[in-house]
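Remarks on the overall topology
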Amino acid sequence: MLIFEHNQTKGPECMTPTADLKQRIIAASHEVGIDKIGFTTAANFEGLRESLTEQIKAGHTSGFEHPNLDERLNPDLIFDGPKSIIAIALAYPSRMTQRPPKTGLKRGQFARASWGEDYHGILREKMNQLIEKTRMLAGADARFKPMVDTGELIDVAVANRAGLGFIGKNGLLITEEFGSFVYLGEIMTNLTLEPDTPIACQCGDCTRCLDACPVKALLGDGRMNAQRCLSYQTQTKGMMADEFRPKIRNVIYGCDICQVVCPYNRGKDFHLHEKMAPDPEKVRPELLPMLTLSNRQFKDQFGEMAGAWRGKKPLQRNAIIALANLHDQSALPQLVAVMQADPRPMIRATAAYAIGEIVRKYDAEMIEILRAQYQREADADQAIEFRHEFERAINRINELKH
Ligand code: SF4
């Protein structure tokens, strides 16, 4: 989480609303390559409290949110004398211009929001450039606090109130120009700037995202059960629950389904920022080599992507599940090696699961290999949830006898 405040000094000249200043900030945002900008007051977001409290009580939050609800709703608790919030959006590409070469190995994929360099850094850089330009325009007494994603405020709520777009039934901010393929950031300031007008939901009778979500994570009113969201599921660190494993298909990070089906995203594909360009080898990586990546290799290949933020383990787990979903027979020898030698019980257990999914004919030798490993897991007193995967794989292959 990046939080820094420029210049703590307050001054009365900062408090004068000027349409001119706003226009100059808009012009400056275009100079630094910000694709959309809007303004809202620093009034609280208390109107969201009831809904957020309900979501927390229902267990629908991911746990990645800022933990202090008061701070999420009240800009004045996290900034001294806030007057306005500047909301920005950067458009990201939705289509690859190049495909990776065919190598005979199955490939996984990263969701679009993880293409290119980690957007947190890109947004921070743009916001810092805008802050510097705004300080030049407004004077040294102007203060700012930029936030992106991991900040206290709720990005989509700020962006919606600042007129950047509406919040769809998929919970995403949908802009007129770029659809929902946008990264959002916001800057709190002590400058008084004329607010823009919030945009009401324009989904109408459409329910495409609700219908398309394979795990029914969307609640229908712009909220979701984040615990069911496949994007969240790809970011957890333990065993993935059974239900979600086939649903991720070969996507090893994130999920784009509710964006891809949205009619407001039709034809939206903007390649405006070089750093967001997807490298085909990174965003469609070969799955098998992922299983044995050293930390160094992982950092070199994936380190600069947003999808690397949870480290190597969840992505390797997802790669194993993707191999299972693709029924990749050629992966079996390496999956056996991972199941026997990987130092992480969760990865060994996921490999056992994949073997059980991939083997299509009764295979006594494979059952023996699984049994031997099961015994080693039992001797090492591994948790039941891990051992269970070995038993299940053995049972699955045994069932093929009949
Ligand atoms: Fe709204 Fe339809 Fe888009 Fe879902 S798919 S966000 S319901 S317009």
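Criteria and cut-off values
Residues numbered from 1 in each chain as written. Predicted model: local features only at pLDDT ≥ 70, side-chain atom pairs only at ≥ 80, totals over all residues. Heavy atoms only, no water. Salt bridge = Lys/Arg side-chain N within 4 Å of Asp/Glu carboxyl O. Helix = DSSP H or I, 4+ residues; strand = E, 2+ residues; numbered from the N terminus. Buried < 20%, exposed > 50% of the residue type's maximum accessible area, 1.4 Å probe, protein only. Near = heavy atom within 4 Å. 1 Å grid on protein atoms, 1.4 Å probe; cavity = no way out; pocket = protein on both sides within 12 Å on 5 of 7 lines; lining within 4 Å. Sits in = over half its atoms within 2 Å of the grid points. Nonpolar A, V, L, I, M, F, W, Y, C, P; charged D, E, K, R; others polar. Points joined across faces, edges and corners; volume = space filled by probe spheres on them. Axes fitted to C-alpha atoms, helices over the stretch in contact; angles between N-to-C directions. Parallel < 35°, antiparallel > 145°, perpendicular 65-115°, else oblique. Left-handed = near helix turned anticlockwise from the far one by under 90°. Contact = heavy atoms within 4.5 Å.

Our focus in this paragraph is the pattern of salt bridges. Following the criterion strictly, the structure yields 26 salt bridges and no others. In this structure, Glu-31 and Lys-133 form a salt bridge, with 2.9 Å as the shortest nitrogen-oxygen distance. You can see Glu-31 sitting in helix 1 (residues 19–31) and its partner Lys-133 sitting in helix 4 (residues 119–138), a full 102 residues away along the chain. A relative accessible area of 57% places Glu-31 in the exposed class. Assessed through its relative accessible area of 33%, Lys-133 is described here as partly exposed.

Around the ligand, the structure places Gly-168, Lys-169, Asn-170, Ile-174, Cys-203, Cys-206, Arg-208, Cys-209, Cys-262, Pro-263 and Tyr-264. In this structure, the ligand is accommodated by the largest cavity. Grouping the constituent residues of the shell around the ligand by class yields 7 nonpolar, 2 polar and 2 charged.

A complete count under the given rule lists 1 cavity of 30 Å³ or more for this structure. Estimates place the volume of the largest cavity at around 90 Å³. In terms of lining, the largest cavity is formed by Gly-168, Lys-169, Asn-170, Ile-174, Cys-203, Cys-206, Arg-208, Cys-209, Val-261, Cys-262, Pro-263 and Tyr-264.

Our next topic: the environment of Pro-289. In this structure, Pro-289 sits in the loop between helix 9 (280–283) and helix 10 (295–302). A relative accessible area of 35% places Pro-289 in the partly exposed class.

Packing of helix 1 against helix 4 leaves a shortest axis separation of 9 Å and a crossing angle of 150°. If you check the angle between helix 1 and helix 4, you find them roughly antiparallel. Relative to helix 4, helix 1 is oriented so that their crossing is right-handed. Residues Leu-21, Arg-24, Ile-25, Ala-28, Ser-29 and Glu-31 of helix 1 form the contact with helix 4, whose participating residues are Leu-130, Lys-133, Thr-134, Leu-137 and Ala-138. Of the residues belonging to the contact of helix 1 with helix 4, the class tally is 6 nonpolar, 2 polar and 3 charged.

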